[in-house]
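Below, each chain spelled out in residue letters.
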Amino acid sequence: MAMISQLLASTLRLSTPLIFAAMGGMLSERSGVINIALEGLMLMGALGAAVGTVATHSPWLGLLIGMGAGLAMAFIYALLVIPFRANQIVAGMAINMLALGLTPFLCKMLYGVTGSTPQISYPEQFHSAPLYLAWIVVGLCWYLMKFTPAGLWLGFAGEHPEALEAAGIPANRIRWLAVLASGVLAGAGGATLSTFLSSSFARNMAAGRGFMALAALIFGKWRPIPAALACVLFGFADAAQIQLQGVKFRGAEVPVQFIQILPYLVTILVLAGFVGRARAPKALGKHFSTANERE
Amino acid sequence: MRRLAQSFLAVAFGLALGLSATWIAGENPWEVLKILARGAFGSRENIGMTLFYTTPLIFTGLSVAVAFQAGLFNVGAEGQLNLGALAAAAIGALLPGLGWPMAPLLASLAALAAGTVWGAIPGWLRARRGSHEVIVTIMLNFVAVGLSTYVALYVLKNPESQNPETRPIGLAYMIPRLGVFGDAPVSAALPLALLVAAIVWVFLRRTALGYELRAVGQSEPAARAAGIDATKMRILAMAIAGGLAGLVGVAEVLGNAGKFKVEFSPQYGFIGIAVALLGRNEPIGIVAAALLFGALHQGTRELDFSTEHITSEVSLVFQGLIILAVSAEPVTNWFRSKPRINTDEL
Amino acid sequence: MISSGSEVAVELRGITKQFGSVLANAGVDLRVEPGTIQGLIGENGAGKSTAMKILYGLYRPDSGHILIRGQPQVWSSPRDAIAQGIGMVHQHFMLAGPYSALDNIILGAEGEGRGGRERRGSRVEGRGQPSGAMRREGAPDPRPPTLVRAWGILGRKHARERLEALAAQYRLSVDWEAPIEQLPVGIQQRVEILKLLYHRADVLILDEPTAVLTPQETNDLFANLKKLRDEGKTIIFVTHKLKEVMAFTDRVTVFRGGSVVGEALTSQTSPQELADLMVGRKVVLNVQAPPTQATGKAALEVEALVVSGTRGATHRVSNVTFSVRSGEIVGIAGVEGNGQSELLQALLHPREPQCRKAGRISITGMDVTQMTAREIRNLGVSLIPEDRLHEGLLPEWPLRDNFLLGLQHSAAFNRAGFICSSNLQAAAAKAVNEYDVRPANLALSAGNLSGGNQQKLIVAREFERRPKLLIAAQPTRGVDVGATEFIHRRIIKARDEGAGVLLVSSELEEIMALSDRILVMYEGRIAGEFAKGNFSESLLGLRMGGG
């Protein structure tokens with residue numbers, strides 16, 4: 001019994017960074033910009049939050065700085081893929097590499113230690129606030145997409161940007177805002193890695209969680225609440241995998257790798273249309289130019 | 001010529017940005033550059049290490065490039081090379097009695113085959129089910145890592161070691177090292193990589209099949225009108241791409257480690273994207289770009305030892321910046337020419 | 001013919017717009033009176049759509065003026081045009097599939113803040129009178145009130161109430177909540193019209209609105225448009241169909257070659273007069289094909305071919321039957337978009353269900369319906385595709401490699417799977433020389449050639465096969481006079497050497513000069529067949545417009 005409640009608590013905690021990042025990815029991808037860079041944005045957020053918390057002794061200010069770090073990286077990404085029309089996948093991969101290299105480098109610059117920040121003392125860590133905050137963000141995203149004009153515009157920017165243009169709303173401006181917002185949210189997700197799930201920044205601490213958030217987003221068919229639930233499912237796989245590590249069952253170790261790969265497998269099945277059909281926003285990954293620019 | 005100049009410009013720009021980062025960190029960029037060069041080319045052994053890192057990058061660069069020539073994006077080289085290496089190590093572990101040269105030959109073929117299968121899956125899914133190959137290959141990377149970790153931990157575990165790795169393969173499986181580079185583990189896999197690059201060039205440029213594959217990547221409607229089966233070409237391209245990435249297993253398992261180690265690859269698959277991009281998807285360019293990235297990788301290891309503020313990860317910063325500079329190429333194109341008009345819009 | 005002095009709803013003065021080297025609008029003058037249906041008629045590329053996109057603010061004109069109710073306007077985006085009561089239903093609907101009809105309609109009409117600020121540039125002091133507007137009297141017409149409610153919520157309920165009132169007024173009811181992609185095309189169009197009404201447009205531009213509709217839906221549309229006119233709306237109706245212009249418009253303006261070439265009250269003109277204006281004389285053709293000497297067996301037989309539309313609503317090709325014998329040129333005339341492209345796709349890819357729904361196709365006597373494109377091409381089928389850059393060439397590749405496209409398996413250039421470079425080089429050099437492709441530099445990218453030289457390269461390559469059937473679609477579009485003559489002579493030569501030629505062109509004069517027989521395609525059907533010497537330009541023009 002204790003094990004089950006521990007597993008559930010662990011699930012909720014582990015899904016928190018995924019949820020933030022998936023919501024960020026949702027905003028970006030629904031506006032038509034592929035966001036493979038989530039992983040890098042999370043890393044920046046994780047470092048920013050750790051540095052901020054160490055410096056200010058407040059996890060909240062740390063969170064804010066983490067979000068700012070994500071925003072800064074997202075700005076570079078948006079600049080490349082919107083006005084400079086770089087391939088979104090190439091640029092996204094490059095952002096990931098940059099973040100993976102830049103974060104330990106910055107650590108060493110700031111603290112003289114390779115690849116990690118000083119420990120954040122226990123009272124200065126987050127205890128449960130990000131968990132609630134994540135679900136508030138899910139609610140806000142759901143609200144944004146379902147009830148507000150901005151959500152409608154965002155969806156049209158990713159679905160049919162020409163229609164948005166014909167209605168007099170500049171599609172690329174919407175995309176800019178969406179990508180920047182995704183940086184803020186992915187940054188927040190990263191922040192929870194270093195100030196909530198652990199107590200310092202460590203090298204490559206996102207460890208594929210950005211991609212897992214992307215998988216959850218696709219598994220949730222690009223909708224906020226299903227995507228958040230997919231994050232919980234994937235968080236559960238993660239928690240189960242951790243709990244089962246080294247556990248013997250009838251004398252043999254339980255192979256946790258199969259639990260680890262499950263999220264990715266089901267995402268492939270969804271993408272292939274074997275389990276429901278995930279329909280990406282129609283204009284996802286396509287550069288948009290106004291009627292005048294097209295000529 | 002213009003493209004070559006653009007590549008140089010992108011590299012220079014990326015390096016300059018990276019060096020200015022080291023300057024901000026409190027280092028003398030000129031010194032950093034010197035250490036980089038010394039680390040990469042300062043001794044026989046250093047050159048050997050550079051070439052050791054270059055070898056897998058040639059394979060992954062070719063892998064990304066072949067897919068790209070068919071209009072597909074192979075982000076899955078990382079998974080394909082993991083399975084390739086695993087397959088080579090598995091043959092070695094399961095058939096210890098095999099002698100030279102059958103042993104390395106069979107293991108190499110296994111690496112090739114495993115990668116091919118792993119590449120063909122997203123190719124098939126894309127061509128037949130319309131699933132976007134980028135997302136599928138990213139997901140398959142994680143699946144491949146999970147599977148290979150499982151095999152290394154439970155099926156072929158090395159009882160002598162605490163690390164997650166497979167049992168060592170017999171000496172008969174090992175391919176010869178190139179002796180001139182001291183202790184550096186640069187092996188016959190390097191000439192193999194160069195040979196494969198040449199074969200890929202011949203395939204793409206001199207065979208009808210390669211021509212068709214490239215035509216699909218250039219313009220599917222034109223290829224279709226000419227009677228080329230785009231579906232088949234896509235699956236073929238991804239299968240070849242997977243096989244090429246799988247050959248990394250030859251360099252790693254048969255040429256270096258003698259076993260499959262979990263997480264042996266410092267992201268060769270992803271750096272392969274940069275290599276292909278910078279090498280303009282042409283085998284000669286890819287060999288050159290692989291050398292550049294190999295040198296960066298090796299050189300920055302030296303930076304780690306010889307400077308106070310710089311970590312070896314800074315190579316990723318350089319690589320990332322170079323890719324960003326290359327990917328923003330449309331900016332330069334924009335200055336060059338206006339897009340063609342589309343009569344539909346009139 | 002326009003009566004002076006009356007109020008003018010919309011006026012374009014000297015609108016000019018150039019796209020690259022194409023002059024899409026060359027000084028377009030247009031006046032539209034309020035409360036009328038004005039038809040704009042002309043062939044593809046005549047400049048109607050460009051002029052309307054300029055009026056709607058999507059394109060910025062190079063020169064010229066837009067006047068709305070007599071006031072000069074400068075649009076920086078469609079938003080400005082919408083604010084002045086202009087609305088447009090585009091040829092390709094501006095609707096996002098997964099969103100509801102309601103969401104598609106209110107897009108852009110949400111307002112910017114709670115109950116307060118109105119849309120940019122559309123408001124002066126007082127009660128929502130648009131700036132510079134002199135609206136019809138007695139029509140209280142403030143901008144739609146903002147839909148943004150407390151907490152930033154979009155007031156969908158309110159919007160729906162207003163829409164239902166509008167729908168009742170014009171009897172245009174729609175399922176508001178269903179995803180738009182689940183609605184039939186006719187209803188989607190209704191949604192587009194409701195969108196304009198919701199945005200309080202007075203001037204409704206409809207660009208080729210009937211292209212995707214069934215005859216029944218077309219009748220409904222026109223009934224609705226007449227109702228809207230009677231309510232005081234001004235309607236600009238862009239089409240290439242004479243029948244529709246004659247039946248439903250009050251006035252008609254004829255476009256040709258980027259300019260307005262005629263205007264008339266519909267009641268005072270005839271289809272014949274309009275057809276003559278529309279077609280005009282465009283190219284000076286120097287080649288007239290002598291009648292065919294000998295025709296042989298059938299090179300192509302098409303029997304009861306059906307191609308269903310992409311949206312499944314209409315048939316793009318319905319029940320088309322014809323044949324082409326070897327040694328004759330059969331011309332398919334018609335305004336583009338009447339099923340010609342679909343017909344061509346079906347000939348090349350009959351196995352694919354989206355390209356052919358039913359019907360039999362045989363080439364040189366062989367049933368090809370289950371063959372792949374490669375097998376069909378290997379029967380001796382040469383193709384000059386209608387979209388040269390897209391389907392005929394690999395623009396970034398050198399001439400040499402373009403010459404090989406489709407020939408990569410032919411014995412001349414293929415040795416055991418390897419391309420025989422020296423043969424290719426020699427053959428390409430010879431062909432480039434013979435077909436006068438300039439510059440004759442085999443290493444040059446095909447995209448850098450002029451249109452005429454690109455086409456000559458394609459002709460050279462396709463004739464390398466010694467065609468038994470030549471399919472030539474728009475073979476001289478965008479091609480200079482010299483190359484046109486050259487290509488025409490080559491087509492005739494191919495015929496004289498025994499090939500069956502299917503010539504698809506929207507250039508009437510080209511069809512008339514070359515064809516031994518002419519078929520007119522209209523709305524996916526063969527609307528007429530004429531033997532050589534048995535047709536006149538105006539008769540064909542009439543058939544092409546559905547007359």
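Next up on the list: the overall build of chain B. On a plain count of helices and strands, chain B comes out with 15 helices and zero strands. Relative to the compact-globule value of 20 Å for 346 residues, chain B shows a C-alpha radius of gyration of 21 Å, a close match. When the backbone C-alpha atoms are referred to their principal axes, chain B occupies close to 75 × 55 × 35 Å. A total of 346 residues make up chain B; the buried ones form 59% of that total. Nonlocal contacts in chain B, meaning residues at least 24 apart in sequence, comprise 74% of its contacts between residues at least 6 apart. With the model as given, the accessible surface of chain B reaches about 13,300 Å², and the carbon-plus-sulfur share is 65%. Looking at chain B, you have 24 positive and 21 negative side-chain charges, and the mean spots of the two groups are 9 Å apart.

Here we come to the packing of aromatic side chains. Evaluated as defined, the whole model comprises 20 aromatic pairs over all chains. When the ring of Tyr435 of chain C is compared with that of Phe463 of chain C, the centres are 6.4 Å apart and the planes differ by 90°; the resulting orientation is edge-to-face. With Tyr435 of chain C in the loop between helix H13 (421-434) and helix H14 (451-463) and Phe463 of chain C in helix H14, the pair connects residues that are 28 residues apart, well separated along the chain. In this structure, Tyr435 of chain C and Phe463 of chain C share a single accessibility class: buried. Joined through ring pairs, the aromatic side chains of Trp142, Tyr143 and Phe147 of chain A make up one cluster. Taking the ring centre of Tyr198 of chain C as reference, the NZ or CZ of Arg162 of chain C above it sits at 4.3 Å.

Moving on, we get to helix H10 (residues 224-244) of chain A. Relative to the 30 Å expected for 21 residues at 1.5 Å per residue, H10 of chain A spans 30 Å between its end C-alpha atoms, a close match to the ideal helical length. Positive phi shows up at Gly246 of chain A, right after H10 of chain A, with a value of about 80°.

Grouped together as the largest cluster of nonpolar side chains are 347 residues, with contacts concentrated most on Met52, Leu55 and Ile86 of chain C. If one sorts the elements of this core by residue count, helix H4 (residues 88-111) of chain A sits on top with 13 residues. Here Met52 of chain C is in contact with Leu12, Leu30, Leu40, Met88, Ile205, Ile236 and Val238 of chain C, once residues within four sequence places are set aside. Among the nonpolar cores identified, the runner-up in size contains 32 residues, and Val320, Leu343, Leu344 and Leu347 of chain C belong to it.

On to the interface of chain A and chain C, then. By a widely used convention, the size of an interface equals the accessible area lost when the partners come together. Tallying the contact residues gives 25 residues for chain A and 31 residues for chain C. Summed over both partners, the interface of chain A with chain C buries about 2,300 Å², with 59% contributed by carbon and sulfur atoms. Ranking the residues of chain A by area buried against chain C places Leu152, Phe156 and Asn292 of chain A at the top, with a combined share of 24%. Across the contact surface, chain A and chain C share zero salt bridges. Where the side of chain A that touches chain C is concerned, the elements lending two or more residues are helix H5 (129-147), helix H6 (149-159), helix H7 (161-166) and helix H12 (291-294) of chain A. At seven residues, the largest contribution of residues to the side of chain A that touches chain C is made by H6 of chain A. Partitioning the side of chain A that touches chain C into residue classes produces 12 nonpolar, six polar and seven charged.

The next thing to look at is the sheet that holds strand E19 (residues 469-473) of chain C. Residue and element names in this part refer to chain C. An order of E16-E19-E20-E13-E21-E22 is seen for the six strands of this open sheet, with the pairing classed as mixed. Edge positions in the open sheet fall to strand E16 (381-384) and strand E22 (525-531), since each of these has one partner strand only. Direction aside, the axes of adjacent strands within the sheet are offset by 15° on average. Pairing analysis gives four bridges linking strand E13 (residues 329-333) to strand E21 (residues 517-522), with the strands arranged parallel. Across the sheet, the residue bridging to Val330 is Arg517, located in E21. Here H14 sits on the sheet and contacts E16 and E19; the angle it forms with E16, its principal contact strand, is near 175°.

Cut-offs used in this document
Residues numbered from 1 in each chain as written. Chains lettered and ligands numbered in written order. Predicted model: local features only at pLDDT ≥ 70, side-chain atom pairs only at ≥ 80, totals over all residues. Heavy atoms only, no water. Helix = DSSP H or I, 4+ residues; strand = E, 2+ residues; numbered from the N terminus. Rg over C-alpha atoms; globule rule 2.2 N^0.38 Å. Buried < 20%, exposed > 50% of the residue type's maximum accessible area, 1.4 Å probe, protein only. Contact = heavy atoms within 4.5 Å. Areas by Shrake-Rupley, 256 points an atom, 1.4 Å probe, with all protein chains shown as cover. Lys, Arg positive; Asp, Glu negative; His and termini not counted. Charge placed at Lys NZ, Arg CZ, Asp CG, Glu CD. Phe/Tyr/Trp six-rings, centres within 6.5 Å; stacked < 30°, edge-to-face > 60°. Lys NZ or Arg CZ within 6 Å of the ring centre and 35° of its normal. Expected span 1.5 Å × (residues − 1). Core = buried A, V, L, I, M, F, W, Y, C linked by side-chain atoms within 4.5 Å. Buried area = accessible area lost by both parts, 1.4 Å probe. Salt bridge = Lys/Arg side-chain N within 4 Å of Asp/Glu carboxyl O. Nonpolar A, V, L, I, M, F, W, Y, C, P; charged D, E, K, R; others polar. Pairing = 2+ DSSP bridges. Axes fitted to C-alpha atoms, helices over the stretch in contact; angles between N-to-C directions.

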